[in-house]
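Listed below are the residues making up each chain.
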Amino acid sequence: MNVLSLFDGLSCGMIALERAGIPVSNYFASEIDKYAIKVSEKNYPNIIRLGDVTKVTYKDGVLYSENGQWNVGKIDLVL
């Protein structure tokens, strides 16, 4: 499952998905608060960090952000 979490905070969406036993292939997170990012990075180093939500776009299966672009196909869940 490809997850796009906008205003990700401490990555509570990832915590909830883990606890529910829902497998996540890719978790893309948009967050700018440096303290929230620091906690999230410690707990989930594999999360793909997008940066500022105002600079995130998605078109034709490609997710674009200030930190790069990814061919994701489809996003299955937006938080």
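Above this text is the structure in question.
Read on for a plain summary of the structure. Source: prediction; values computed, not measured. (Residues numbered from 1 in each chain as written. Predicted model: local features only at pLDDT ≥ 70, side-chain atom pairs only at ≥ 80, totals over all residues. Heavy atoms only, no water.)

Broken down by element type, the chain carries two helices and seven strands. For the chain, the succession of helices and strands along the chain, N to C, is β-α-β-α-β-β-β-β-β. What you see for the chain is a C-alpha radius of gyration of 12 Å, in line with the 12 Å of a compact globule of 79 residues. In the chain, which comprises 79 residues, the share counted as buried stands at 37%. Taking as baseline every contact in the chain between residues at least 6 positions apart, the subset at least 24 positions apart corresponds to 39%. Positive and negative side-chain charges in the chain, numbering 8 and 9 respectively, have mean positions lying 4 Å apart. (Helix = DSSP H or I, 4+ residues; strand = E, 2+ residues; numbered from the N terminus. Rg over C-alpha atoms; globule rule 2.2 N^0.38 Å. Buried < 20%, exposed > 50% of the residue type's maximum accessible area, 1.4 Å probe, protein only. Contact = heavy atoms within 4.5 Å. Lys, Arg positive; Asp, Glu negative; His and termini not counted. Charge placed at Lys NZ, Arg CZ, Asp CG, Glu CD.)

Now for the environment of Tyr 44. Tracing the backbone through its elements, the reader meets Tyr 44 in the loop between helix H2 (34–43) and strand E3 (48–49). For Tyr 44 and Met 14, which are 30 residues apart along the polypeptide, the C-alpha to C-alpha distance reads 8.5 Å. If near-sequence neighbours (up to four positions away) are discounted, Tyr 44 is found in contact with Ser 11, Met 14, Ile 15, Glu 18 and Arg 49.

Let's shift gears to the sheet that holds strand E7 (residues 77–78). Sheet architecture is open: four strands sit in the order E3-E2-E1-E7, paired in parallel fashion. The open sheet terminates on both sides in strands that have one partner only, identified here as E3 and E7. (Pairing = 2+ DSSP bridges.)

On to the environment of Gly 68. Here Gly 68 is to be found in strand E6 (residues 68–71). Between the C-alpha atoms of Gly 68 and Tyr 35, which are 33 residues apart in sequence, the distance is 22 Å.

One non-glycine residue, Phe 7, lies in positive phi territory at about 55°. Its identity as a non-glycine residue notwithstanding, Ser 11 has a phi of 65°, on the positive side. Looking at where Ser 11 falls in the secondary structure, it is placed in the loop between strand E1 (2–6) and helix H1 (12–19).

All right, on to the sheet that holds E6 then. Sheet strands pair via backbone hydrogen bonds, and the direction of the pair is either parallel or antiparallel. Within the open sheet, the three strands sit side by side as E4-E5-E6. Their pairing is antiparallel. Every interior strand has two partners, whereas the edge strands, strand E4 (57–59) and E6, have only one. Neighbour to neighbour, the strand axes of the sheet diverge by 15° on average, direction disregarded. Inspection of the sheet shows strand E5 (residues 62–65) paired to E6 by four bridges, in the antiparallel sense. Residue Leu 63 lies in a different strand from E6, and its bridge partner there is Trp 70. (Axes fitted to C-alpha atoms, helices over the stretch in contact; angles between N-to-C directions.)

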